[in-house]
Amino acid sequence: MTREKTVDWLLQEENPPVRLYTLTRLLKLQESHPEVETARSRLMEYSVTQDILAHFEEISQLGHRTFWSYKGKNWNIIYLGHFLSDGHDPHIAAFVEDRLEHQWSLDKFACYTACILTAFRRLGYAEHPVVSERTKALAQRFLENEGIVCPGMNNNLISRCYVALPKLLICFAEVPPEERTPAMQEAISRITQRLLDNNVYIYRPANRKAWDAVRPKSRKRSDYPPGETPESFREKAKQRFLAENGMGELEPNVSWTRFGFPLNYSSDILEAMFSLATVGTPMSPSLAQPLQVILDKRGADGLWRLEKSLNGQMWVDVEEKGQPSKWITLFAMIVLDHFGK
């Protein structure tokens, strides 16, 4: 399939958000163009959006008790943001306004915070003071902590979370350049450099399995020497391990080579490369390998397949696993266009 035919396939009207992205990101049409205006006016016709909203009552009843549930309020706000839904639709507005009033922890869940801040902006709440202040705070905390501090890293040889870096980059990219604070600009620079330094997906220490075999696993304080907590004892054990063994060579995260949409707290090569393209990162030798992974996944028909999904975990499936994906094809073409491939 030629590029022209692939673009025509993406422009089919049954997927309004992909059609809009194709018009604006691939064909570079202005917002005032009649086709763009028409596509934007039809976003709420997307069947996936309508199927999510058909479960409004069930989602409302779940509330905040199911923080990480893909059927809960939190993640469905994120999904609706992915689909460029109208955030002032009464049902969506009810979700958003309730969530904006409910505080969440920047300390523990930077991945989730970045995802939902991105969604709020795409849903039309960029000017809300909570969105503005939380975006500034996310950047500031990233700099103060020299990366992403996360409880999930407690048992990891890497002290700062890597998998959420593309989420933060996309979040800061949603802020118009002229409105970005110095902290946001610096965070964008540091995240970009970290991704480049690791060829995007080569960041896992080879000695991680050896560490997992010997690391302290008990959570009972009584199992540790007086004055030691499980956390302090584990940290000392980790530092001893690193002093004796080091991290080992960095290895690719193979799971990042399988592309999916929508994603959860983790990422993949395609999303990471999309995040780099969105902030205007120029081509460099560090990106040749991840770009080749993307190119190698293009089928003979010129399309990309959905390789992993949250189907069966959400209220509605988004495309069919193993089949050509408009979302994956869209993101791949945006990345390849940006990096001149």
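See the structure shown above.
The structure displayed is predicted, hence computed values, not measured ones. (Residues numbered from 1 in each chain as written. Predicted model: local features only at pLDDT ≥ 70, side-chain atom pairs only at ≥ 80, totals over all residues. Heavy atoms only, no water.)

An account of helix α10 (residues 165-173) is needed here, citing residue identities and associated values.
In terms of burial, α10 is a largely internal element, nine of the nine residues being buried. Residues of α10 that are buried: L165, P166, K167, L168, L169, I170, C171, F172 and A173. On its buried face, α10 sits against α8 (110-122), α9 (129-144), α11 (182-197) and α14 (269-278). (Buried < 20%, exposed > 50% of the residue type's maximum accessible area, 1.4 Å probe, protein only. Helix = DSSP H or I, 4+ residues; strand = E, 2+ residues; numbered from the N terminus. Contact = heavy atoms within 4.5 Å.)

So what about unusual backbone geometry? Which residues, and what values?
Geometrically, the link from F261 to P262 is a cis peptide bond, its omega value of -10° lying close to zero. Within the secondary structure, P262 sits in the loop between β2 (250-252) and α14. The phi angle at K28 is positive, at roughly 60°, despite the residue not being glycine. By the element assignment, K28 lies in the loop between α2 (16-26) and α3 (34-41).

Residue-level account of the packing of aromatic side chains, with values.
Taken as a whole and judged by the stated rule, the model has 17 aromatic pairs. Residues Y162 and W256 carry aromatic rings whose centres are separated by 5.8 Å and whose planes lie at 40° to one another, so their mutual orientation is tilted. Residue Y162 is found in the loop between α9 and α10, and its partner W256 is found in the loop between β2 and α14; the two are separated by 94 residues along the sequence. In this structure an aromatic cluster arises from ring pairing among Y21, Y46, F83, F261, F274, W327 and F331. Positioned above the aromatic ring of W9, the side-chain terminus of K326 is 5.3 Å from the ring centre. (Phe/Tyr/Trp six-rings, centres within 6.5 Å; stacked < 30°, edge-to-face > 60°. Lys NZ or Arg CZ within 6 Å of the ring centre and 35° of its normal.)

Requested: an account of the side chain of N15, with residues and values cited.
Along the chain, N15 falls in the loop between α1 (3-10) and α2. A polar side-chain atom of N15 sits 3.2 Å from the main-chain amide nitrogen of V18. Not counting chain neighbours up to four residues away, the residues in contact with N15 comprise Y46, K326 and W327. (Polar contact = N/O pair within 3.5 Å; in protein donor to acceptor, adjacent residues only side chain to side chain.)

Pulling in residues and values, what's your account of the packing of α1 against α2?
Where α1 contacts α2, the two axes come as close as 8 Å, and the packing angle between them is 135°. Taken together, α1 and α2 sit at an angle that is classed as oblique. Facing R3, V7 and L10 of α1, the residues of α2 in contact are V18, R19, T22 and L26. The class makeup of the residues in the contact of α1 with α2 is four nonpolar, one polar and two charged. (Axes fitted to C-alpha atoms, helices over the stretch in contact; angles between N-to-C directions. Parallel < 35°, antiparallel > 145°, perpendicular 65-115°, else oblique. Nonpolar A, V, L, I, M, F, W, Y, C, P; charged D, E, K, R; others polar.)

Describe the packing of helix α6 (residues 73-82) against helix α7 (residues 90-101), with residues and values.
Interhelical geometry of α6 versus α7 gives an angle of 120° and a closest axis separation of 10 Å. In terms of their interaxial angle, α6 and α7 are classed as oblique. Relative to α7, α6 is oriented so that their crossing is left-handed. On α7, the residues touching K73, N74, I77 and L80 of α6 are I92, F95, V96, D98 and R99. (Left-handed = near helix turned anticlockwise from the far one by under 90°.)

Please give an account of the pattern of salt bridges that cites residues and values.
Oppositely charged side chains are able to pair whenever their charged atoms sit close together. Taken as a whole, this structure holds 17 salt bridges when the rule is applied. The closest approach of N and O atoms between K167 and E271, which form a salt bridge, is 3.0 Å. In this pair, K167 is assigned in helix α10 and E271 in helix α14, connecting sequence segments 104 residues apart. E271 sits in the buried class, given a relative accessible area of 16%. (Salt bridge = Lys/Arg side-chain N within 4 Å of Asp/Glu carboxyl O.)

So what's going on with α2? Which residues, and what values?
Residues three or four positions apart in an α-helix share a direction because the helix packs 3.6 residues into each turn. Of all eleven residues making up α2, nine are buried, and the element is well covered by its neighbours. When we look at burial in α2, the residues that qualify are P16, P17, V18, R19, L20, Y21, T22, L23 and L26. Buried positions along α2 lie against α1, α3, α6, α8 and α16 (326-338). For α2, the side-chain oxygen to backbone nitrogen distance between the N-cap and V18 is 3.2 Å, and the N-cap itself is N15. Of the residues trailing α2, K28 is marked for its positive phi of about 60°.

Please set out empty space enclosed by the protein residue by residue, giving values where relevant.
Over the atoms rolls a probe the size of a water molecule, and in doing so it shows where empty space is left. Tallied over the full model, the rule gives two cavities of 30 Å³ or more. Looking at the largest cavity, its volume works out to about 340 Å³. Surrounding the largest cavity, 23 residues form its lining, H82, R122, I170, F261 and E271 being those nearest its centre. Among the secondary structure elements, those contributing two or more residues to the lining of the largest cavity are α6, α8, α10, α14 and α16. Top element by residues in the lining of the largest cavity is α8. It accounts for five residues. Along the lines of polarity and charge, the residues of the lining of the largest cavity split into 14 nonpolar, five polar and four charged. (1 Å grid on protein atoms, 1.4 Å probe; cavity = no way out; pocket = protein on both sides within 12 Å on 5 of 7 lines; lining within 4 Å. Points joined across faces, edges and corners; volume = space filled by probe spheres on them.)

Pulling in residues and values, what's your account of the environment of G280?
Within the fold, G280 resides in the loop between α14 and α15 (288-296). Under the relative-accessibility criterion, G280 is labelled partly exposed at 44%. Taking the C-alpha atoms as reference points, G280 and K71, separated by 209 residues in sequence, lie 34 Å from one another.

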